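Structural description and commentary
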Amino acid sequence: MVTPHRVLVCHETPCVARGAVGLHAAFRREIDRLGLDHVSLEISGCHGHGLCSQGPSVVVEPSGFFYNGIQPPDAEVIVREHLSGGRPVQHLFHRDPVTGRTAARYADVDFFRRQRRVALRNCGRINPEKIEHYVDRGGYGALQLVLSTMRPEDVIELVEDSGLRGRGGAGFPTGRKWRFARRSSSDVKYVVCNADEGNPGAFTDRSVLEGDPHAVVEGMIIAGYAVGARRGYLYIRAEYPLAVRRVQKAIEDARDKGFLGSDLLGSGFSFDLEIKEGAGAFVCGEETALLASIQSRRGMPRPRPPFPTDVGLGGKPTVINNVKTLAFVPVIVDRGPGWFSSLGTPQSAGTAVFALTGNIRYSGLVEVPMGTPLAEIIDIGGGIPDGRKVKAVHTGGPAGGSLPADRLDAPVDYEALQELGSTMGSGGMLVLDEDACMVDVARFFMDFACSESCGQCAPCRLGTGQMVRILTRIATGRGAREDLVLLREVADTVKHASLCGLGQTCSNPVLATLEYFKEEYLAHIREGKCPLGVCEVRASVRPGEQGREFQPGGLPAGGVGANLKGGCP
Amino acid sequence: MRDNSELITDIYRSIVREVLSDYAGHQWPLIPVLQKTQQRIGYIPPQCVRLISQALGPSPVEIQGVISFYEQLRDTPRGRTVIRTCRGTACHVRGGPEVMIRLRDILQISEGETTADLAYSLESVACVGACGLAPNVLVDDEVHGRMTPQKIEQLLQDREEEEPW
């Protein structure tokens, strides 16, 4: 008998951009032409080898043979030789661009081998558009267990015992949040999945939604059961159209199978889900702004308390969890809280998922146990290309900080990173080499915060703009030493006086670079220019201080369609 | 003979009516209705704001406030082709700004603007999450990775040859 083969063509955003759709079609044609009944052709999420820049990637199961960066004509060869003839095509195997070594199986790729994939357990292994694939790998088993054997309080206790903390960045204990919502007495409650992954340089949530949407759906149903909600919303950002399509399909299929709808699996518990698409506003990742946006209002944060677990959507108790947090829930039910807490550190249980980007050899998703030193993650990413040295690692995006090379022994752990002036964030990890200018990095994040500030409270609205001005002055060689004092003063004010998380954290990139890279600021001031020649070019694109001016009539200068969405004044 | 503007308003009215019926009974329909209207027309004309206001309740000013708040929603027409450079972190450190500079030179417009012939709009987009391919440029919704100023120029030239306006 011929062994059944499954060909998985990665259909995540980067691979699609590199021609995965045409490649899939080429496989289809050739498989059909030869009438290979033992081969099933599937799309998949990211295979997780850190080679997104060299896709599209294809894995042939059951053996896990790995072809990367191949073209439609190569598909014909693979179908003929490998799938039909049983002879894997060696010259098309993935070849490491650096070492030149060939990896026949993707499990041999270092980047993949050294990870511990829990939230990403199914990404790249299943077709995210087929619920059977998810079920084959144990999916919806946790839901059945919960509905048939556990009371809501048991579920909450289990999640508390696991030590799971929110993966959106703040790290609030998930079980405790659920308990608050459970305790709030109300006839209507909601569960919301925060998939507004707006942090520039982070794509961990996108990858889970595109690669394994049912894990999030199952996590949400379990959360709904635990807190007593009958309805949930997934708030997915507008920039992720593929994720929206995959989740929509997952919801429909789950409904068909009776995992969503009324009286789930005969338990008497009813729950259903709906997608709310974001409309492009970073601040909507803040939970109270997100709630306003779901309710079709401007996404403006409001002071807390009351917390959403008491007053949320339509004034009703609402639990808001990040994508990865929810994706962990079914595994925790399956394998037990003890197993989950045994991964990671006493304070930070489980694994952390990072989107490794920047000046790094292999860019992609890395999932490692909490407590893993930053340096080891850089090492998994193959280090810095072209013999250069690492200068800094920035986690947490606009809310985070850059840590210098001599602090990379720091473990990824909520408290440890916070103590150093950075933050875990929601999964972005930017690696910077010696050619990066840290003033430019600080300016980049502040410009981002300034244009994304909702404008409601003065410290954030005015402070971010002032910081962009000061940073631009320094970046373009017109800064003075006093500017550093002023910069720190404004940064501290914005940090302590702003209304919401955006304002309270957006000073971090400035404060961290002032702490660890003060010499670079001084060099700009001393030399009257950017020593690396980076800032001038960048500043001319987002001019900050000299940029668009407000016009008294209310409309900003500029042509058709120009408004303040384009950048900071 | 009815003039053009009346005709256009009629068309908008029927579009808005269709969109509204898709969301009848929905909780909090305003943003989805605006998104769908924009999808159909390309932007949200003032006539539509008034029609949506009459149907859903919020005043035109409130609706305008929602439109101006969100990057995705627009009250002015955009070009037939929308070019967006990714302004994510990885794209920034790997040469995204240089690509934007070249695009401004080629199209002779700034970020957020549309060419006079409505052929192109030039925008930036918050991270599209394809950081492995940084820097990225989106031509309409298609991601083009590992962009350089030379490559973007070539790409635009090729498009012009394929479908001259």
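Residues numbered from 1 in each chain as written. Chains lettered and ligands numbered in written order. Predicted model: local features only at pLDDT ≥ 70, side-chain atom pairs only at ≥ 80, totals over all residues. Heavy atoms only, no water.

Topic: the sheet that holds strand β13 (residues 390–395) of chain A
Residue and element names in this part refer to chain A. Selection rule: Strand pairing is defined by DSSP finding a minimum of two bridges between the two strands. Only DSSP runs of H or I covering at least 4 residues are called helices, and only runs of E covering at least 2 are called strands; the numbering of each starts at the N terminus. Axes, fitted as lines to C-alpha atoms, cover a helix only where it is in contact. Angles between the N-to-C directions of the axes lie from 0 to 180 degrees.
If you walk across this open sheet you meet the five strands as β12-β11-β15-β13-β14, and the pairing is mixed. At either margin of the open sheet sits one strand with a lone partner, and together these are β12 (364–369) and β14 (401–404). Each strand axis lies, on average, 30° off the axis of its neighbour in the sheet, ignoring direction. Pairing geometry for strand β11 (residues 351–358) and strand β15 (residues 428–433), over four bridges, is parallel. By the bridge assignment, Thr 357 is partnered in β15 with Leu 430.

Notes on the sheet that holds strand β7 (residues 190–195) of chain A
Residues and elements named next belong to chain A. Put simply, the rule is: Working rule for contacts: check all heavy atoms of both residues, and any pair within 4.5 Å makes them a contact.
If you trace the four strands from one edge of the open sheet to the other, you get β9-β8-β7-β10, paired in parallel fashion. Only two strands of the sheet have a single partner each, and these edge strands are β9 (272–277) and β10 (318–322). Each strand axis lies, on average, 20° off the axis of its neighbour in the sheet, ignoring direction. By the bridge criterion, six bridges tie β7 to strand β8 (residues 231–236) in an arrangement that is parallel. Note on β8: the bridge partner recorded for Ala 195 is Ile 236. Sitting on the sheet, helix α13 (residues 323–335) is in contact with β7 and β10, with an inclination near 95° to β10.

Structural notes on a positive patch on the surface
Quick reminder of the rule: Patch membership requires over 30% relative accessible area and the absence of a salt bridge. Like charges are linked within 9 Å, and nonpolar side chains (Val, Leu, Ile, Met, Phe, Trp, Tyr) within 5 Å. For every accessible area listed, the method is Shrake-Rupley and the probe measures 1.4 Å; residues are considered covered only by the protein chains on display. Here, a salt bridge means any side-chain nitrogen of Lys or Arg that lies within 4 Å of a carboxyl oxygen of Asp or Glu. Residues scored as charged are limited to Lys and Arg (positive) and Asp and Glu (negative), so that His and the chain ends carry no count. Every charge is mapped to an atom, namely NZ of Lys, CZ of Arg, CG of Asp or CD of Glu.
A cluster of basic residues, Arg18(A), Arg94(B), Arg146(B) and Lys151(B), forms a positive patch on the protein surface. With respect to the secondary-structure elements, Lys151(B) resides in helix α7 (residues 149–162).

Describing the side chain of Asn68(A)
Take Asn68(A): it is sitting in strand β4 (residues 65–68). With residues up to four places along the chain from it excluded, the contact list for Asn68(A) reads Leu51(A), Gln54(A), Gly55(A), Pro56(A), Ser57(A), Leu92(A) and His94(A).

Things to note about the pairing of β8(A)
Residues and elements named next belong to chain A. Condition: A simple rule labels every residue: compare its accessible area, found with a 1.4 Å probe on the protein chains alone, to the largest value its type can have, and call it buried under 20%, exposed over 50%, or partly exposed in between. By convention, orient the strands away from the viewer: a clockwise path from the first strand over the helix to the second makes the crossover right-handed.
Counting buried positions along β8 gives five out of six residues, so the element sits mostly inside the fold. Direction of pairing for β8 relative to β9: parallel, over a ladder of six bridges. What sits directly across from Tyr 235, in β9, is Lys 276. Handedness of the crossover joining β8 and β9 through helix α11 (residues 241–256) is recorded here as right-handed.

Concerning the domain arrangement of chain B
To be explicit about the condition: Where each domain starts and ends follows an automatic or database-derived domain assignment.
For chain B, the assigned domains read domain 1 (4–69) and domain 2 (81–162). Computed over C-alpha atoms only, the centres of domain 1 of chain B and domain 2 of chain B are separated by 30 Å.

Quick word on the interface of chain A and chain B
In plain terms, the rule: When two parts are put together, the accessible area they lose, computed with a 1.4 Å probe and summed over both, is reported as buried area. Two N or O atoms count as a polar contact when they lie within 3.5 Å, although within protein this holds only if one can serve as hydrogen donor and the other as acceptor, and sequence-adjacent residues are included solely when both atoms are side-chain atoms.
Between chain A and chain B, the contact holds 61 residues from the first and 49 residues from the second. Both faces combined, the contact of chain A with chain B buries some 4500 Å², and carbon together with sulfur accounts for 55% of it. Ionic pairing is found between Arg538(A) and Glu98(B), a salt bridge with its closest N-O pair at 3.8 Å. At the junction of chain A and chain B, the tally comes to 20 residue pairs in polar contact (both at pLDDT 80 or more). Elements supplying a minimum of two residues to the side of chain A that touches chain B: α1 (13–17), β9, α12 (287–294), β11, β15, α17 (438–452) and α23 (535–541) of chain A.

Structural notes on the pattern of salt bridges
This model, assessed by the stated rule, comprises 39 salt bridges over all chains. Across the pair Glu452(A) and Arg87(B) runs a salt bridge whose closest N-O atoms are separated by 3.3 Å. Pair noted here: Glu452(A) is in helix α17 and Arg87(B) is in the loop between β1 (81–86) and α5 (89–93), and the two residues belong to different chains. For the residue pair Glu452(A) and Arg87(B), the accessibility class agrees, reading buried in each case. A salt bridge links Arg13(B) to Asp10(B), with the shortest nitrogen-to-oxygen separation between them at 3.3 Å. A residue pair is termed a helical-turn pair when its members lie 3 or 4 positions apart in one helix, as Arg13(B) and Asp10(B) do in helix α1 (residues 4–22) at three residues. Residue Arg13(B) is classed as partly exposed on the basis of its relative accessible area, which comes to 36%. Each of Asp386(A), Arg388(A), Asp433(A) and Asp435(A) takes part in one network of salt bridges that share partners.

Re the packing of aromatic side chains
Residue and element names in this part refer to chain A. Formally: Only centres within 6.5 Å qualify two rings of Phe, Tyr or Trp (six-membered ring in Trp) as a pair; their planes then separate them into stacked at under 30 degrees, edge-to-face at over 60, and tilted for everything else. Criterion for a charge above a ring: Arg CZ or Lys NZ at most 6 Å from the ring centre, at most 35 degrees from the ring normal.
Following the criterion strictly, the structure yields 17 aromatic pairs over all chains and no others. Measuring from centroid to centroid gives 6.5 Å for Phe 66 and Tyr 106, while their planes differ by 65°, and the two rings are edge-to-face. In this pair, Phe 66 is assigned in strand β4 and Tyr 106 in the loop between β6 (102–103) and α4 (110–113), connecting sequence segments 40 residues apart. In this pair, the class of Phe 66 matches that of Tyr 106, namely buried. Look at Phe 172 and Phe 180: their rings are 6.4 Å apart centre to centre, the planes differ by 40°, and that puts the pair in the tilted class. Since its relative accessible area comes to 34%, Phe 180 is described here as partly exposed. Among the aromatic residues, those joined into a cluster by ring pairs are Phe 65, Tyr 67 and Phe 93. Positioned above the aromatic ring of Phe 65, the side-chain terminus of Arg 105 is 4.5 Å from the ring centre.

Comments concerning the packing of helix α19 (residues 481–497) of chain A against helix α21 (residues 508–516) of chain A
Residues and elements named next belong to chain A. In plain terms, the rule: Any angle between 65 and 115 degrees counts as roughly perpendicular, while under 35 counts as roughly parallel, over 145 as roughly antiparallel, and the rest as oblique. Note on convention: the crossing is left-handed when the near helix lies turned anticlockwise from the far helix by less than a right angle, right-handed when the turn is clockwise.
Between α19 and α21, whose axes approach to 9 Å, the crossing angle comes to 140°. Compared by their axis directions, α19 and α21 come out oblique. Crossing of α19 over α21 shows left-handed handedness. Residues Leu 484, Leu 487, Arg 488, Ala 491, Asp 492 and Lys 495 of α19 lie in contact with α21, whose contacting residues are Asn 508, Val 510, Leu 511 and Leu 514.

Overview of helix α22 (residues 518–527) of chain A
Residue and element names in this part refer to chain A. Along α22, the positions that sit buried rather than exposed are Glu 520, Tyr 521, Leu 522, Ala 523, His 524 and Ile 525. For α22, the elements touching its buried residues are β13, α17, α18 (458–475), α19, α21 and α23. Gly 528 occupies a position one or two residues after α22 and carries a positive phi of about 70°.

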